[in-house]
Amino acid sequence: MRRWWWIAAIGAAMSAAAWPCAAAVDGKTHAVIAPAFTGADGNLSFVRFLNTSATAASTFTVTIVGTPTGREYGSTTYNVPARASPQHSFNNILAQANAGSLTGGDTGYSIYLRNPSIDSGFQHVIFNGANQFFENLSACQFFQGTQYLRVVGWLPNVHTTRLAAFPMRLFVHNFNNVGGNFRITAFDAVTGGKINDTVVTVAANETLTMLVSALETALNFTPTASQLHLNILVEAADGGTSNAVATAAVFNSTLNALIGMSTVCKLRP
């Protein structure tokens with residue numbers, strides 16, 4: 001009997017060694033970015049923390065988790081002004097979270113996000129400095145009861161003409177069977193400050209294409225050297241229900257291709 005107890009204890013110890021710990025963070029209560037890229041393979045992750053509130057700042061809690069162990073490496077917070085979506089590289093996030101190097105068999109990181117505000121959202125984009133490739137790698141979780149309308153019509157971190165090497169285009173499609181007027185409002189992505197707005201008329205079932213350079217002209221706006229990104233809100237000009245689908249894409253001259261940058265994920269409230 002003692003012999004069987006000893007064998008069972010050894011087996012339990014081996015099992016614990018094979019599976020060192022349960023996941024440090026319950027992902028059911030978070031939005032998750034996985035994998036997150038440090039630039040080691042040429043690709044670097046950037047997280048854009050979007051706050052669509054018109055008045056209130058919002059705090060995002062960021063936890064760094066290792067894979068495959070689920071070990072928690074550190075956490076930090078970002079306080080984001082209303083209408084802003086500051087962009088932070090993953091290396092910046094690691095440093096601010098005081099997250100150490102991978103250890104204990106971990107081969108990569110993931111990011112767990114929380115924000116109780118119904119006005120919170122995020123984007124996960126990657127950039128490869130060697131080939132200048134951008135991509136929106138956002139993979140959204142869909143939570144029951146979450147108000148996704150809070151991010152509808154928002155195009156975060158649209159490049160201004162200060163990022164001339166990566167020009168962007170906006171597309172506004174009116175899916176109604178009658179023409180409509182749509183208000184395009186621009187905010188500074190870092191501060192959330194309103195820049196200006198303009199109204200465009202789009203015919204029934206028409207797709208309006210607008211270069212960011214043309215949008216800046218319509219807004220009577222010339223970006224400063226530090227104004228690299230705008231947050232764009234597209235809504236019905238009369239304040240009613242919008243019948244528009246708004247998208248944004250960056251033009252990659254190396255590939256001679258448009259790359260979609262529109263997807264915005266919600267956080268669980």
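Everything below is about the structure printed above this text.
Below, the structure is looked at part by part. Residue numbers here run from 1 along each chain, matching the order of that chain's written sequence. Local features in this predicted model are restricted to residues of pLDDT 70 or higher, and side-chain atom pairs are both shown and tallied only at a pLDDT of 80 or more, whereas totals for entire chains, interfaces and linings draw on every residue. Note: side-chain values were computed over all heavy atoms of the structure, leaving out hydrogens and water.

Here Val178 lies in the loop between strand 10 (168-174) and strand 11 (180-188). To sort residues, take the accessible area from a 1.4 Å probe on protein chains only and compare it with the maximum for the residue type: under 20% means buried, over 50% means exposed, and anything in between is partly exposed. According to the relative accessible area criterion, Val178 is partly exposed, its value standing at 46%. The sequence separation of Val178 and Val202 amounts to 24 residues, and the corresponding C-alpha distance is 9.1 Å. Working definition: helices are DSSP H or I runs of at least four residues, strands are E runs of at least two. Numbering for both runs from the N terminus.

Each disulfide consists of a covalent bond between the sulfur atoms of two cysteine residues. Counting rule for disulfides: a pair of cysteine sulfur atoms within 2.5 Å. Throughout the structure, instances matching the rule amount to 1 disulfide. Each sulfur in the disulfide pair Cys140 and Cys265 lies 2.0 Å from the other. Judged by the sign of its S-S torsion, about -85 degrees, the bond between Cys140 and Cys265 is left-handed. Linking Cys140 in the loop between strand 8 (133-136) and strand 9 (154-159) with Cys265 in strand 17 (residues 265-266), this pair joins segments that are 125 residues apart in sequence. Residue Cys140 is classed as partly exposed on the basis of its relative accessible area of 26%.

What follows covers the packing of aromatic side chains. Pairing of aromatic rings covers Phe, Tyr and Trp, the last counted by its six-membered ring, and requires centre-to-centre distances within 6.5 Å; plane angles under 30 degrees mean stacked, over 60 mean edge-to-face, and any other angle means tilted. Under the criterion given, the structure shown has 8 aromatic pairs. On the basis of an interplanar angle of 85 degrees and a centroid distance of 6.0 Å, the ring pair of Phe127 and Phe166 is categorised as edge-to-face. Of this pair, Phe127 sits in strand 7 (residues 120-128) while Phe166 sits in the loop between strand 9 and strand 10, and the two are 39 residues apart along the sequence. Classification of Phe166 as buried rests on a relative accessible area of 13%. The structure contains a cluster of three or more aromatic residues connected by ring pairs, namely Phe49, Phe60 and Tyr78.

Within the fold, Asn174 resides in strand 10. A residue is classified by how much of its surface remains accessible, and Asn174, at 0% relative accessible area, is buried. Polar side-chain contacts of Asn174 include one of 3.0 Å to the backbone oxygen of Val178. As used in this structure description, the phrase polar contact means that two N or O atoms lie within 3.5 Å; if the pair is within protein, one of them must be able to donate a hydrogen and the other to accept it, and residues adjacent in sequence are counted only when both atoms belong to side chains. A polar contact is formed between the side chain of Asn174 and the backbone oxygen of Val202, at a distance of 3.1 Å. In this description, contact between two residues means that some pair of their heavy atoms is separated by no more than 4.5 Å. Setting aside anything within four residues of it in sequence, one finds Asn174 in contact with Gly179, Gly180, Phe182, Val202, Ala203, Ala204, Asn205, Glu206 and Asn243.

To continue, consider the sheet that holds strand 4 (residues 72-80). The strand order 1-6-3-4 describes an open sheet built from 4 strands, whose pairing is antiparallel. The two strands at the open ends of the sheet, each matched to only one other strand, are strand 1 (31-36) and strand 4. Averaged over all pairs of adjacent strands, the angle between strand axes in this sheet comes to 20 degrees, irrespective of strand direction. Alignment of strand 3 (residues 58-67) against strand 6 (residues 108-114), held across 7 bridges, turns out to be antiparallel. Bridge pairing links Thr67 to Gly108 in strand 6. Strand pairing is assigned whenever DSSP identifies at least 2 bridges connecting the two strands. Each axis is a line fitted through C-alpha atoms, and for a helix only the stretch in contact is used; angles between axes span 0 to 180 degrees, taken between their N-to-C directions.

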